[in-house]
Amino acid sequence: MRREVWITGIGLVTSLGEGAEAHWAALSAPGTRPVLDETSFAPFPVHPLPALDLDRQIPKKGDQRQMEPWQRLGTYAAGLAIDDAQARDLVADMHLVVAAGGGERDVAVDEAIAAELANAPPEVAGPRLNERLAADLRPTLFLAQLSNLLAGNISIVHGVTGSSRTFMGEEQAAADAVRIAHLRLAEGRGEIALVGGAYVAQRWDMLLLYAAGGALWHGPWAPISARAARGGGFVGGGMAAFLVLETAEHARARGAKGLARLAGVATDVAHRREGGGSAAVARALWDRLAPRGGAGRLGVVSGAIGVEPALAEERAFLAGLAAGALVRTPGTLLGHGVEASFPAHLALGALALARGGFYPPLDPGLDTPEAGGRVDRVLVTGFGQWRGEALALLEPAA
Amino acid sequence: MNGIPTKDRHGRPLVAVTGIGIVTSLGWGVEANWAALTAGRSGIRRITRFPTDHLKTTIAGLVHLPDEPPGGECIPSPVRVERMAVAVIAEALANARIGDTGRFPGPLFVGMPPVEMEWPQRFALARGANDGAPGYRGLVAAVEGRQDIYETVLFGGVAEHLAARFGTRGAPISLTTACATGASAIQLGVEAIQRGEAEAAIAVGADGSVQPEALIRFSLLSALSTRNEEPEKAARPFDRTRDGFVMAEGAAALVLESLESARARGAPVLGLVLGCGERADSFHRTRSNPDGKAIIGAIRNALADAGLEPGDIDYVNAHGTGTPENDKMEHLGMRAVFGDRPPPISSNKSMIGHTLSAAGAVEAAFSLLTLRDQLLPPTINHREPDPAIPLDVVPNEARRARVRHVLSNSFGFGGQNVCLVLGEPPG
């Protein structure tokens, strides 16, 4: 059994705003500028999140208090997706796959403890660390930190209880979350699923992680196309993206509109293991997704983030695609949302197909110069900062 | 082949387990663990890895790495997770005799805890920071280019290292569903084989989180036993005097393989994974809905997936954490599904503690050994039965029994519940 799967709902929050409409409006118009904060986390620029009216999606203040910004953001965007799909009455049997990073640490506590104990002799530091942590950590903060509790909060706040899985592993986790959710629906394990992730860029604890890998772009913001000359790097982008996936049959039966058909998702991890080779792997994935190359005009929503050598590998792969493919790089305007990026880019692809248009060049240094127009299929790419290749193919929902 | 079906009633390939590997506080390796577990021994001890001053709980089920010096707190959790995972995968592969060295013919699913930079690393970085004020800005500057730290604390790091080492196919998936994590990893592997993505898969659950901050976090949720004076008697699932779970480390790996492939290559089949069921709860972050609907739903979904009736289950490997709440809810679920005559149920956690992200995998591995040896491991420390939980918990001593099908329960914080049904090898 292999059933057709549609995207029937999008919940999207980025520095450019919230909701599908706002993103289509901002990104389909030429000349949109990125929203940036270049000072708060200098030397690292970030794309900040817009102010959210949390009460709209997380009505109980008690629930809001149990979370920190990352879980709130994801729970909020998940609610937007459920609303967009008009699927509020379907949540009990809705399956959930979340791609998660870590929740917020208490930065003030961390800094105070480090200030007191970093240079203390071990026989003092050990016992004192216990004493301080026991006194200073808030019990609710542990739950806000737990990766699986973004999914837990989506279940609690929105009532999504069909099943709940949380994948971990940066960009790759998000692509595999979509892949697995898609496969499970296609093979008859449920009718409707919610999949996505969230990333808060305005966090020192996240910068600490990604700085270790040399993955962050330093200094004033620059478009992705201009970063290779200085070694590359990503600019963090506050972002949350959830998609409602649904079997076409189920959507038709309830009169729900399909934004796009998710034809397939394919992933691999050659990049780190083979030390390069991503381009060849991506070509193999593409052959799997579109064995005959497919017909009509191809739009590409590139997941480029600006980290090398992933960017060069992706460019090599894209160069071998069918002539006439329209490549767009939203990461230049939105930044990198790690676990949120792949679903966000899928959302942008689905939106374009639903609206019957495409985006203008978003990063003129990388994107096909030709103006928007209509595309017949959309390829979404994702090349991870450290490892991993992911492709997804979207087609119009018939 | 020999008239034995290789498809289930849904037409999917039957999934066999052809290799297992286990490490817990009871020891390294399948046989050492099983011997200790069926002898009713406890692996819970006083924590000596780091100072325990000011801690409410000072006991745990610790796994000491083979070359670990005493007081080895500087080994970060993700490194412990990876080292244990390597050991159990290697053991499982040796049992299964599958693939060439470093070339496993299928995907990898790794159930593990979220990981992050820990205090010894933070302190070391702060000492190296230039600004003299060990704030995050200074730490970030000091950490730049530390690929070693990056690969240790990236969520995808452990699984990627394991995938490279064992040569598994495709992108490895790391996952967390709290205390159901190990069972979710198995479920993902089973599904991959059922959908024909591969003939074999490795599912591993591993946890090595006994460090001060993690212990304190669980302590602050009032989840842990504080019976520090007698560590071996602290974990008391289903007992009237139970007061919480005991944190523990461990890992288990299963080599999952289509029965057809296992039989074709004459591999030993330890048992079958007949069904997986899941259901999420929407009630509370750390408690189940008092109606037990999610737990009951997960058990029923697993039975339906296996095509079995409640009466077909001969034994239940409990989630059985020993918190007042869990054991009460698990009993409620047992009654709802099995009625007046529930099968015997016992908790491995009475001996090995709660291995958290590993628990679902470790306990599935013990369930397979239960089937192999037709021997129910006990619930130890059972002295005062809880009158509210009238179940046969196989108190204190292992027991011979006819076991065809085992239900293994895993219920997680955040409402993530997964149940597995395991069965004897066919024929």
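Residues numbered from 1 in each chain as written. Chains lettered and ligands numbered in written order. Predicted model: local features only at pLDDT ≥ 70, side-chain atom pairs only at ≥ 80, totals over all residues. Heavy atoms only, no water.

You'll find chain B entered in an unreviewed UniProt entry as Beta-ketoacyl-ACP synthase II, with Caldovatus sediminis given as the organism. We quote the UniProt Sequence similarities (unreviewed entry) comment for chain B here in full: "Belongs to the thiolase-like superfamily. Beta-ketoacyl-ACP synthases family." (UniProt positions renumbered as here; feature names shortened; annotations may be inferred.)

Under an unreviewed UniProt entry, the name given to chain A is Beta-ketoacyl-ACP synthase II, and the organism recorded is Caldovatus sediminis.

With that settled, consider the packing of aromatic side chains. Any aromatic ring pair is given by two values, namely how distant the centres are and how the planes are angled relative to each other. A complete count under the given rule lists 10 aromatic pairs over all chains for this structure. Measuring from centroid to centroid gives 5.4 Å for Tyr 210 of chain A and Phe 234 of chain A, while their planes differ by 70°, and the two rings are edge-to-face. Separated by 24 residues along the polypeptide, Tyr 210 of chain A in helix H9 (residues 204-212) and Phe 234 of chain A in the loop between H9 and strand E7 (236-237) bring together distant segments of the chain. Here the two residues Tyr 210 of chain A and Phe 234 of chain A agree in accessibility, since each one is buried. Among the aromatic residues, those joined into a cluster by ring pairs are Trp 24, Phe 358 and Tyr 359 of chain A. Directly above the aromatic system of Trp 119 of chain B lies the positively charged group of Arg 122 of chain B, at a separation of 5.6 Å from the ring centroid. (Phe/Tyr/Trp six-rings, centres within 6.5 Å; stacked < 30°, edge-to-face > 60°. Helix = DSSP H or I, 4+ residues; strand = E, 2+ residues; numbered from the N terminus. Buried < 20%, exposed > 50% of the residue type's maximum accessible area, 1.4 Å probe, protein only. Lys NZ or Arg CZ within 6 Å of the ring centre and 35° of its normal.)

Moving on: the pattern of salt bridges. Residue and element names in this part refer to chain A. Inspection of the entire model under this criterion finds 56 salt bridges over all chains. The salt bridge involving Arg 3 is made with Glu 191; its shortest N-O contact spans 3.0 Å. Of this pair, Arg 3 sits in the segment before strand E1 (5-14) while Glu 191 sits in the loop between helix H8 (170-186) and strand E6 (192-199), placing them 188 residues apart in sequence. One salt bridge connects Arg 132 with Asp 136, and the closest N-O pair in it is separated by 2.9 Å. (Salt bridge = Lys/Arg side-chain N within 4 Å of Asp/Glu carboxyl O.)

All names here are of chain A. Taking burial as the measure, the 8 residues of E6 include 8 buried ones, the bulk of the element. Across the two faces of E6 the burial is the same, with Ile 192, Leu 194, Gly 196 and Ala 198 and Ala 193, Val 195, Gly 197 and Tyr 199 all buried. Relative to E6, strand E4 (residues 95-100) is paired through 5 bridges, and the arrangement is parallel. By the bridge assignment, His 95 is partnered in E6 with Ala 193. (Pairing = 2+ DSSP bridges.)

Following the UniProt record, the feature "domain: Beta-ketoacyl synthase-like N-terminal" (unreviewed entry) maps to residues 3-251 of chain A here. Across residues 3-251 of chain A, helical content stands at 42% and strand content at 18%; the span's end C-alpha atoms are separated by 12 Å.

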